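Survey of secondary and tertiary structure
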Amino acid sequence: MSTVITNIATLVTNDPSLGDDSPLGLVRDAAVVIDGDRVVWTGASSRAPATDNRVDAEGRTVLPGFVDSHSHLVFAGDRTEEFNARMSGRPYGAGGIRTTVAATRAAGDGDLEANLTRLLAEALRQGTTTLETKSGYGLTVEDEARALRIAARHTDEVTYLGAHIVAPEYAGDPAAYVDLVTGEMLDACAPHARWIDVFCEKGAFDGDQARAVLTAGRAKGLHPRVHANQLSHGPGVQLAVELDAASADHCTHLTDADVDALANGDTVATLLPGAEFSTRAEWPDARRLLDAGVTVALSTDCNPGSSFTSSMPFCVALAVRDMGMTPDEAVWSATAGGAAALRRTDIGRLGPGARADLLLLDAPSHVHLAYRPGVPLAAGVWRRGVRVV
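Residues numbered from 1 in each chain as written. Predicted model: local features only at pLDDT ≥ 70, side-chain atom pairs only at ≥ 80, totals over all residues. Heavy atoms only, no water.

1. Here's the deal with the overall build of the protein
Put simply, the test is: Note on conventions: DSSP H or I runs of at least 4 residues are helices, E runs of at least 2 residues are strands, and numbering of each starts at the N terminus. The size measure is the radius of gyration over C-alpha atoms, and the globule rule it meets is 2.2 Å times the number of residues to the 0.38 power. Any residue under 20% of the maximum accessible area for its type is buried, any over 50% is exposed, and the rest in between are partly exposed; the area is computed with a 1.4 Å probe on protein chains only. Contacts: residue pairs with any heavy atoms within 4.5 Å of one another. Accessibility throughout is a Shrake-Rupley quantity obtained with a 1.4 Å probe, and a residue counts as covered only by protein chains that appear here. The charge count treats Lys and Arg as positive and Asp and Glu as negative. His and the chain ends do not count. One atom stands in for each charge, and that atom is NZ of Lys, CZ of Arg, CG of Asp or CD of Glu.
When helices and strands are counted, the protein shows 14 helices and 16 strands. For the protein, the C-alpha radius of gyration of 21 Å lies close to 21 Å, the compact-globule estimate for 389 residues. On the principal axes, the C-alpha backbone points of the protein span a range of 70 × 45 × 45 Å. For the protein, the residues scored as buried account for 57% of the 389 residues in total. For the protein, long-range pairs separated by at least 24 residues make up 70% of all intrachain contacts whose partners lie at least 6 apart in sequence. For the protein, the exposed surface amounts to about 14600 Å²; the carbon and sulfur share of it is 50%. Looking at charge distribution, the protein has the averaged site of its 34 positive side-chain charges lying 4 Å from that of its 50 negative ones.

Below, the structure is given as structure tokens:
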């Protein structure tokens, strides 16, 4: 069955050749045709071909579904007290990630899956049609493998993050934990994941340990991603570019050499403004990266500790308000940028051959995502050609 969505005030294609030659490839008074799970035509509404079904956008905006390329959704427990203490300026003595690890290990598979699907549905209602998620809250062979098995049932972008932190029982012997992550745990987890990630940061894994994790993952067919330069300057970004990681995520503390490396490589800088919002940390300088020619993605970093939001529109608004991005740049980064961070060409754009993942905004322009922060603007969502919202 074919469907035309017509009477679109502004269509964001992310293909300059289809629209106004801008990166967003805007088409005014537009239509888009879906056949099965693919986009087959875009153009002026007056020239739309005949189809089986017709949807009137009533002068609203259509853009590609958001591509959220960094999240941590397989977990149990709650860290409200930690957040409340942080926002209230009080010291908090619980263990952060370790608190979630303990809760996740104690949870049953059904509880973990129910929480995951709840968050995926929450994101979908806000226009996210592709979402990557990671393990990293089990930190045992069995718990990491089951997290990935659960995730893989619901999303095809799954990342092995056994190297999130050193597991509590290995606190006195980090080298032994790296051996586990690169050995028995990797063997159990690789069949269920596409990616491997490591938190390369003081207090987590240093450059040599991160290199060992990522190269072991590559040998098993997993492609690298890196939590890089979030809390301090460090080797994460340089290592990501050297190993051709698809993305270096966070990128808050960068030297000029880090920016140059990103600009001259194929690694996407994924910025996660929800984390800075929730921790009152320094904002990443998106303007510096964009002006240097770096490809930038935006993502939620949805996790129970430092960024418990599933809202890509919220992250778009934060990026515009606090990170120096224009509305056009933020929308591109939340769609095409996320696709680049996942090395996907079938999503994050709306042109012939693209997957039919679309968001209908209750607004005449994509700029309203930043102009009207916090307002639920998703009037319709199509995923793989099926209207789901």
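2. As for the layout of surface pockets
A water-sized probe, rolled over the atoms, reveals where empty space remains. To keep things clear, this is the line we draw: Using only the protein atoms, space was sampled on a 1 Å grid; points where a 1.4 Å probe fits but cannot get out form cavities, open sets with protein on both sides within 12 Å along at least five of seven lines form pockets, and lining residues are those with an atom within 4 Å of a point. Grid points are joined across faces, edges and corners, and a volume is the space filled by probe spheres set on the points. Amino acids outside the nonpolar list (Ala, Val, Leu, Ile, Met, Phe, Trp, Tyr, Cys, Pro) and the charged list (Asp, Glu, Lys, Arg) are all regarded as polar, and Gly is one of them.
Taken as a whole, the largest pocket spans an internal volume of roughly 550 Å³. Lining the largest pocket are 28 residues; nearest its centre among them are Ile97, Phe199, Gln230, Leu231 and Ser306. Per element, the largest residue contribution to the lining of the largest pocket is three residues, and it comes from helix 10 (residues 273-279). Taken together, the residues that form the lining of the largest pocket break down as seven nonpolar, 14 polar and seven charged.

3. A look at the pattern of salt bridges
Put simply, the rule reads: Note on definitions: salt bridges are taken to be side-chain nitrogens of Lys or Arg within 4 Å of carboxyl oxygens of Asp or Glu.
The tally for this structure, following the rule as stated, stands at 24 salt bridges. For Lys134, the salt bridge is made with Asp197, and the minimal N-O distance between the two is 2.9 Å. Taken as a pair, Lys134 in strand 6 (residues 128-134) and Asp197 in strand 8 (residues 195-200) lie far apart in primary sequence, 63 residues in all. We note that Lys134, like Asp197, is buried. Residues Arg287 and Asp291 are paired through a salt bridge, measuring 3.1 Å at the closest nitrogen-oxygen approach. Residue Arg287 and its partner Asp291 are located together in helix 11 (residues 286-291), separated by four residues, close to a single helical turn. Look at the salt bridges and you will find they share partners, linking Asp156, Glu157, Arg194, Arg344, Asp346 and Arg384 into a network.

4. Brief notes about the packing of helix 12 (residues 312-322) against helix 13 (residues 327-341)
Applicable threshold: All axes are obtained by fitting lines to C-alpha atoms, using only the stretch in contact for helices, and the reported angles, taken between N-to-C directions, cover 0 to 180 degrees. Each angle gets one of four labels, with under 35 degrees taken as roughly parallel, over 145 as roughly antiparallel, 65 to 115 as roughly perpendicular, and the rest as oblique. Rotating anticlockwise by less than a right angle from the far helix to the near helix defines a left-handed crossing, while the corresponding clockwise rotation defines a right-handed one.
Two elements in contact, helix 12 and helix 13, have axes whose closest approach is 9 Å; the angle formed by their N-to-C orientations is 140°. By the angle class used here, helix 12 and helix 13 are oblique. In this structure, helix 12 crosses over helix 13, and the sense of that crossing is right-handed. Counting all contacts with helix 12, which are made through Met312, Val316, Ala319 and Val320, the residues of helix 13 involved are Pro327, Ala330, Val331 and Ala334. The residue inventory of the contact of helix 12 with helix 13, partitioned by class, reads eight nonpolar, no polar and no charged.

5. Notes on the side chain of Glu276
How we decide: Contacts described as polar in this section are N or O atom pairs within 3.5 Å, which, within protein, must combine one atom able to donate a hydrogen with one able to accept it, while residues neighboring in sequence count only if both atoms come from side chains.
Position of Glu276 among the secondary structure elements: in helix 10. Within the buried core, Glu276 has no salt-bridge partner, and the shortest N-O distance to an opposite charge, that of Arg86, equals 11 Å. Among the polar contacts listed, one links the side chain of Glu276 to the side chain of Thr252, at a separation of 3.4 Å. In contact with Glu276, not counting residues within four places along its chain, are Thr252, Ala281, Glu282, Trp283 and Pro284.

6. What to know about the packing of aromatic side chains
The line we're drawing: Note on ring pairs: Phe, Tyr and Trp rings are taken, using the six-membered ring of Trp, and paired if centres are within 6.5 Å. Classes follow the plane angle, with under 30 degrees stacked, over 60 edge-to-face and the rest tilted.
Inspection of every chain in the model, using the stated rule, returns five aromatic pairs. Between the aromatic rings of Phe75 and Tyr137, the centroid separation amounts to 6.3 Å while the plane-to-plane angle is 75°, which identifies the pairing as edge-to-face. Highlighted residues: Phe75 in the loop between strand 5 (66-68) and helix 1 (80-88) and Tyr137 in the loop between strand 6 and helix 4 (141-152), separated in sequence by 62 residues. With relative accessibility at 3%, the residue Tyr137 sits in the buried group. A ring pair is formed by Phe75 and Phe308, whose centres lie 5.9 Å apart and whose planes are at 75°; its orientation type is edge-to-face.

7. Digging into helix 2 (residues 97-106)
An α-helix turns once every 3.6 residues. As a result, residues three or four positions apart point the same way. Heads up, the condition is: Arc, as used here, means the arc of the directions from the helix axis to the C-beta atoms.
Along helix 2, the residues that are buried comprise Ile97, Thr100, Val101 and Thr104. Within helix 2, the buried residues cover an arc of 105° as seen down the axis, which keeps them to one side. Close packing links the buried residues of helix 2 with helix 3 (109-125) and helix 4.

8. Looking at the environment of Phe205
Inspection of the secondary structure assignment puts Phe205 in the loop between strand 8 and helix 7 (207-219). Overall, the relative accessible area of 1% leaves Phe205 in the buried class. Note: C-alpha distance between Phe205 and Ala246 (41 residues apart in sequence) is 19 Å.

9. Comments concerning a nonpolar patch on the surface
Inclusion rule: Only residues whose relative accessible area exceeds 30% and that form no salt bridge enter a patch; like-charged residues are grouped when within 9 Å of one another, and nonpolar side chains (Val, Leu, Ile, Met, Phe, Trp, Tyr) when within 5 Å.
On the surface, a cluster of nonpolar side chains totalling about 210 Å² of accessible area is made up of Val386, Val388 and Val389. Inspection of the secondary structure assignment puts Val386 in strand 16 (residues 386-387).

10. What about empty space enclosed by the protein?
Taken as a whole and assessed by the stated rule, the structure comprises one cavity of 30 Å³ or more. Its boundaries defined by the atoms lining it, the largest cavity holds a volume of some 40 Å³. Looking at the largest cavity, the residues that line it are Thr129, Thr130, Leu131, Thr155, Asp156, Arg344, Arg355 and Arg383. Here the lining of the largest cavity gets three residues from one element, more than from any other, and that element is strand 6. Tallied by class, residues from the lining of the largest cavity come to one nonpolar, three polar and four charged.

Any functional reading would require information beyond the geometric quantities listed.
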